[in-house]
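Coordinates in review
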Amino acid sequence: MGKFEDSEGFKLVTQYLAAQGRTPFPFQLKTWKKYHTGYSGMVIAPTGFGKTFSVFLAVLIRYINAPETHKRGLKLVWISPLRSLAKDLAKAMTEVVETIGLDWTVQVRNGDTPQQIRRQQERLMPDVMLTTPETMHLLCSQKNNSRWFKHLKCVAVDEWHELLGNKRGVLTELVISRLQTLAPQLKIWGITATIGNLDEALKVLVPYPEFKTVKITAQAKKKLKIHAVLPDEVDVLPWSGHLGASMSSKIIPIINAHRTTLIFTNTRGQSELWYQIILEAAPELAGQLAIHHGSIDLKLRHWIEDSIVQGHLKAVICTSSLDLGVDFKPVDCIIQIGSAKGVARFVQRAGRSGHAPHETSKIYVVPTHSLELIEVAALKAAVKDRAVEARHPLVLCYDLMVQFLITLAVGEGFKAEEAYHILKQTHAFSFLNKDEFNWGLQFITQGGTALQAYEEFHKVVLNDDGVYRVQSRRISMLHRMNIGAIVSDAMLNVKYLSGGYIGMIEEFFISKLKPKSSFILAGRVLELVHIKDMTVYVKRSKAKKAIAPSWMGGRLPLTSHLSHFLRIKLEAALAPGIQERELKFLHPLIANQNSHSHIPKANEFLVELIGTKEGYHVFMYPFEGRLVHEVIAALIAYRLSQITPLTFTIAMNDYGFELLSDQPIPLDESNIEALLSKNQLMEDVTASINASEMASRTFRDIAVIAGLVVQSRPGARQNNKSLQSSSGLIFRVLEEYEPQHLLLKQAYTEVFNQQLEEVRLQAAFERISKSKIILRRASAFTPLSFPIKVDSLRHAMSNESLEKRVARIRKQALKDN
Amino acid sequence: MPIYLEPIQCNTEQLLLTNQRVAYWKAQKTLILSDVHIGKTAHFRKQGIPIPFKVLLRDLERLDALIQHFKPERLIVVGDLFHAEFNQDVVFFQKWMSTYQSLELVLVKGNHDGSAVKLYENLNIKIVENQLETTGFTFVHDSPVVQDNVSTFYISGHTHPGVLLKGKGKQRIKLPCYQWSTRQLVLPAFSLFTGLNTKIPSAAFKNYAFTADSIFEM
């Protein structure tokens, strides 16, 4: 082999780029070379830097240089978490192929692909296919599917950081593992933004010891400017919650000063509210202001995205729905409303403006309570340090193991040893043992342990030739509908009586509305007419004001990474540096906190005891995010109730939590250390929470993924009514009859890892045990405690039995009436 | 299995509500229940969703205990005795029924009972198509909107009624219940493998909720 730079493929590709006035970036060049010499690997580059062309052109060059080693059909499978990107990518790739003069076809295949195109593809696959993890699993559930992949050269996983850390990542691992067994010549490449654990990310993507791997980083550094939008004055007590109107006067000038602004909010409900607030403050923006979130109809969203690209919009209020996606060239400014909750998400959002490599990204942060200004300072510090969160890969997701085994059985059928090998060589299932695998086989063939006699259960059948297959067409069909790891809440389509979809809304929300009542969706005020066939029929409402829907979920906790910077900045806020505008602004409030109570230093832990008319309050400030606070609060309440039986009301935010009781709380200098001790931590946590109830909630997703619950989909013609059951019901059945069920075990594991964040919790207590505990008493709320007090998310904590709770709640209810 | 009772007046008759999902009509020695959904677990299994057979067994054991306790001469099921097609669960139920030769079983047909007419013939069940009228009572699967001026009293099922108890903070407990008004009674679903509907407007009703160890008026 001659020099790579002399090769035909390299010449053609660089000529193509030169004709466009471009020269390859060093990281692209490196990717091409490494791919040429048989490497797999991972490219780390921000969007807008030509990351697509690093891997795509590598495959192209290799083909031009050695066409005889490539067979007809698929050469490159491009897996991306987003459907919306595929079309534009396919267009860009097709342009290269056509200009160079190759006879390749580049095609998209995903849930939106028309039936007819799919059948064509199944006859002859394109050379390059852009797809999603779910569609790849669907392909694996087709008859005779391995012929499509036998000659595959490369699988590329785009936006790998978005997949790593969730179950879609595990889906990706599984499909790659299967491709690797079908096509031993396969190379695996990932493309990712910067995350805290790049080495691990590569290891998860390419866990095969015989593979040569390399990590290639684009050197380009994106410039980022962060501005805090300050209110006119700082209140002595911070306001809390949905601060709105008062800040809108600050937002309008920013919108006017830029070409196109994306305004990020944290929840869909908030985006609807802010759309109304901004329109009210600046009615002249009507027509140039749009709203974009995950519950708005896909067509509408595409239309909005196109309008952004064409520069027709001044501003778009959005949620994480626009965190990723196509390049929006006209966007030159970002506004983040409220906390972004994490460094990576913040940087990602900021990066949506000033997309080109030489441009600067600009982001304005609008705080929703004054303490969030400290967060701005913390974010600035984190960005300066280039410190970004890690994404931790999931392991031993038995629900996906079960789903995958059935997928294989629906497709070509599988032999136990082969399937075990495919699972075992992934990172996610590297610790899978034979017993667990055999449990999986038993589960899909017999339904469960023989003891429970699952008669007439023949989901997967073991044939005489040792191959596991699904024979029933109906079971195959139900399974294909269920493939994937995204479990949506029961959603209803929202449609005008006169036709035209607007979006989707949770059943939970709409069930509280009566006909003729109004609500907001996609920025429009709508009147509910009636509900039929999973569809909400509406007409335009004349009402000026209406309620914004609350969609469940979407309440992300602060990452531990950001918490760390936050604690440092809180201490710094007592003596802000000259550059720290937002800290200086906050100073009166901080000083107030310090004189009435205390500002905890980074190595201190603050506890406040406050007595008011309402009762006795304990406030603690771990700065560990809402989820962890919920657990710590329950734990402290439990430990206190060991001293004196008490019932508490609990409130929390991302900074701290409150325990409220009508009785004096037995907490003082003598026992505070014991209450915050790390000894017996997990034992006490387990005793303090209703683990079974929490597991029952996490079981919902597991049940859907493993096929125990059939999801009804909005607009689906067949609703499988006779198979409807709630996951809670199945959870109870399994707890009673199959207590050793691995899916139950998984539910509990997920509770500990994800709900309770066990690792973070332990680290927090480790930190607290090394901190100096500061106990302060006050007779009124302090600046730190006030926002928690106001927060409406309340949980009651109690160790009473169900019977007693029922009795007491009844009494309360009677009193209230 | 503890059985707790709550007597209520329905029209001219007195019924005993139990915390075991049946009402007992002492004067007529009749057990009244609804939504047994026999065959549901097997239906799920056939479609690839493994639900243990013991779920049905447990339901029937509960019915055994109730029959032993009250010694009724008649069972009235106000609909949805069966869930879907003929399957192994139904065969089991057939065998179970044959141990109660002297017990009369009346079924007022529900929406789930439609498809399996043949089945009932072998089961020695008295089938009532729409509604069963007796002295003072109208038994029907899904009760119509009942006017105050009717002279009869409707006893129905179908809705799987439940109540959501809300306490201070965010405490929420769902419990099954009976819904009673001066003109009607809606029974909870008998089978434990059923969901609860807590979204029924309940202003018109008095709810009687129950747990394993109690039954009480809300």
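My aim in this report is to walk through the structure given alongside it, one point at a time. Everything numeric in this text was worked out from a predicted model, so none of it was measured.

Moving on: the overall build of chain A. The helix and strand inventory of chain A stands at 31 helices and 27 strands. Taking 2.2 N^0.38 as the reference for a compact globule, 817 residues should give roughly 28 Å; the C-alpha atoms of chain A span a radius of gyration of 28 Å, in line with that estimate. Considering only C-alpha atoms, chain A reaches an extent of 85 × 70 × 60 Å along its principal axes. By the burial criterion, 57% of the 817 residues in chain A qualify as buried. In chain A, 75% of the contacts between residues at least 6 apart in sequence involve partners at least 24 apart. Here chain A displays about 34300 Å² of accessible surface, and carbon together with sulfur accounts for 52% of that area. Across chain A, the mean location of the 99 positive side-chain charges is 5 Å away from that of the 80 negative side-chain charges.

Residues and elements named next belong to chain A. At a minimum axis separation of 8 Å, helix 15 (residues 372-384) and helix 21 (residues 560-572) run at an interaxial angle of 115°. When the axes of helix 15 and helix 21 are compared, the crossing they make is right-handed. Contacts between helix 15 and helix 21 involve Ile 374, Glu 375, Ala 377, Ala 378, Leu 379, Ala 381 and Ala 382 from the former and Leu 562, Phe 565, Leu 566, Lys 569 and Leu 570 from the latter. For the contact of helix 15 with helix 21, the class distribution of residues is 10 nonpolar, no polar and 2 charged.

With that settled, the discussion passes to the sheet that holds strand 5 (residues 74-77) of chain B. Residue and element names in this part refer to chain B. Read from one edge of the open sheet, 7 strands run 1-2-3-4-5-6-7, paired in mixed fashion. Taken across any chain shown, the strands that pair with only one partner, and hence form the sheet edges, are strand 1 (5-10) and strand 7 (126-128). On average, adjacent strands in this sheet sit at an angle of 25° to one another, irrespective of strand direction. Where strand 3 (residues 23-25) meets strand 4 (residues 30-33), 3 bridges bridge the pair, whose relative direction is antiparallel. Opposite Tyr 24, over in strand 4, you have Leu 31 as the bridge partner. In the packing of helix 2 (residues 54-70) onto the sheet, contacts are made with strand 1, strand 2 (13-18), strand 3, strand 4 and strand 5, and the angle to strand 4 comes to roughly 150°.

A few words now on the sheet that holds strand 21 (residues 535-540) of chain A. Residue and element names in this part refer to chain A. Taken together, 5 strands build an open sheet; the order of strands is 18-17-21-20-19 and the sheet is mixed. Each edge of the open sheet is held by one strand with a lone partner, namely strand 18 (501-506) and strand 19 (518-521). Ignoring which end each strand starts from, the neighbouring axes of this sheet average 45° apart. Across 4 bridges, strand 19 lies against strand 20 (residues 524-532) in antiparallel orientation. Note that in strand 20 the partner of Ile 520 across the bridge is Val 525.

A few words on the packing of helix 2 of chain B against helix 3 (residues 88-98) of chain B. Residues and elements named next belong to chain B. Orientation of helix 2 relative to helix 3, taken along the N-to-C sense of each, is 20°, at an axis distance of 11 Å. When the axes of helix 2 and helix 3 are compared, the pair comes out roughly parallel. Handedness of the helix 2/helix 3 crossing: right-handed. Only Asp 89, Phe 92, Phe 93 and Trp 96 of helix 3 make contact with helix 2, whose side of the interface consists of Leu 56, Leu 57, Leu 60, Leu 63, Asp 64 and Ile 67.

The next subject is the pattern of salt bridges. In the structure shown here, the tally under the stated rule is 36 salt bridges over all chains. Between A:Lys569 and A:Glu580 there is a salt bridge; the shortest N-O distance is 2.6 Å. Here A:Lys569 is found in helix 21, whereas its partner A:Glu580 is found in the loop between helix 21 and helix 22 (581-596), with 11 residues between them in sequence. Taken individually, A:Lys569 and A:Glu580 each receive the classification buried, so the pair is uniform in this respect. A salt bridge links B:Glu217 to B:Lys206, with the nearest nitrogen and oxygen atoms 3.7 Å apart. With B:Glu217 in strand 15 (residues 214-217) and B:Lys206 in strand 14 (residues 206-211), this residue pair connects regions lying 11 residues apart in the sequence. Look at B:Glu217 and you get partly exposed, because its relative accessible area is 33%. Exposure remark for B:Lys206: the relative accessible area of 34% places this residue in the partly exposed category. Linked through salt bridges whose partners overlap, the residues forming this network are A:Arg567, A:Glu624, A:Glu757, A:Arg760 and A:Arg767.

Residue and element names in this part refer to chain A. Take Val 326: it is sitting in the loop between strand 11 (315-318) and strand 12 (331-337). Among the residues examined, Val 326 registers a relative accessible area of 13% and is labelled buried. Taking the C-alpha atoms as reference, Val 326 lies 9.7 Å from Asp 306; in sequence the two are 20 residues apart. The contact partners of Val 326, leaving out residues within four places of it in the chain, are Ser 84, Leu 85, Asp 88 and Arg 352.

The next point concerns the packing of aromatic side chains. Scanning the entire structure with this criterion turns up 26 aromatic pairs over all chains. Of the aromatic side chains, those joined through ring pairs into one cluster are B:Trp25, B:Phe137, B:Phe139 and B:Phe153. The ring of A:Tyr39 has A:Lys34 lying over it, and the distance from NZ or CZ to the ring centre is 4.4 Å. The ring of A:Tyr420 has A:Lys434 lying over it, and the distance from NZ or CZ to the ring centre is 4.4 Å.

Residues and elements named next belong to chain A. Between the first and last C-alpha of helix 22 there are 24 Å, a value that for 16 residues agrees with the 22 Å anticipated at 1.5 Å per step. What helix 22 keeps buried is the set Glu 582, Leu 583, Phe 585, Leu 586, Leu 589, Ile 590, Asn 592 and Gln 593. Here the buried face of helix 22 lies against strand 8 (223-228), helix 15, helix 21 and strand 22 (604-612).

Residue and element names in this part refer to chain A. Counting buried positions along strand 23 (residues 615-620) yields 5 of 6 residues, so the element is predominantly enclosed. Across 6 bridges, strand 22 lies against strand 23 in antiparallel orientation. When the bridges of strand 23 are listed, Gly 611 appears paired with Tyr 616. Counting the residues that bridge the hairpin from strand 22 to strand 23 gives 2 residues.

Here we take up unusual backbone geometry. Despite not being glycine, A:Lys341 shows a phi value in the positive range, around 70°. Residue position: A:Lys341 is located in the loop between strand 12 and helix 14 (343-350). Judged by relative accessible area, which is 13%, A:Lys341 ranks as buried. With phi around 50°, B:His160 is a residue other than glycine that occupies positive phi space. Mapped onto the fold, B:His160 is located in the loop between strand 10 (153-156) and strand 11 (162-166). Residue B:His160 is classed as buried on the basis of its relative accessible area, which comes to 14%.

Conventions used here
- Residues numbered from 1 in each chain as written.
- Chains lettered and ligands numbered in written order.
- Predicted model: local features only at pLDDT ≥ 70, side-chain atom pairs only at ≥ 80, totals over all residues.
- Heavy atoms only, no water.
- Helix = DSSP H or I, 4+ residues; strand = E, 2+ residues; numbered from the N terminus.
- Rg over C-alpha atoms; globule rule 2.2 N^0.38 Å.
- Buried < 20%, exposed > 50% of the residue type's maximum accessible area, 1.4 Å probe, protein only.
- Contact = heavy atoms within 4.5 Å.
- Areas by Shrake-Rupley, 256 points an atom, 1.4 Å probe, with all protein chains shown as cover.
- Lys, Arg positive; Asp, Glu negative; His and termini not counted.
- Charge placed at Lys NZ, Arg CZ, Asp CG, Glu CD.
- Axes fitted to C-alpha atoms, helices over the stretch in contact; angles between N-to-C directions.
- Left-handed = near helix turned anticlockwise from the far one by under 90°.
- Nonpolar A, V, L, I, M, F, W, Y, C, P; charged D, E, K, R; others polar.
- Pairing = 2+ DSSP bridges.
- Parallel < 35°, antiparallel > 145°, perpendicular 65-115°, else oblique.
- Salt bridge = Lys/Arg side-chain N within 4 Å of Asp/Glu carboxyl O.
- Phe/Tyr/Trp six-rings, centres within 6.5 Å; stacked < 30°, edge-to-face > 60°.
- Lys NZ or Arg CZ within 6 Å of the ring centre and 35° of its normal.
- Expected span 1.5 Å × (residues − 1).

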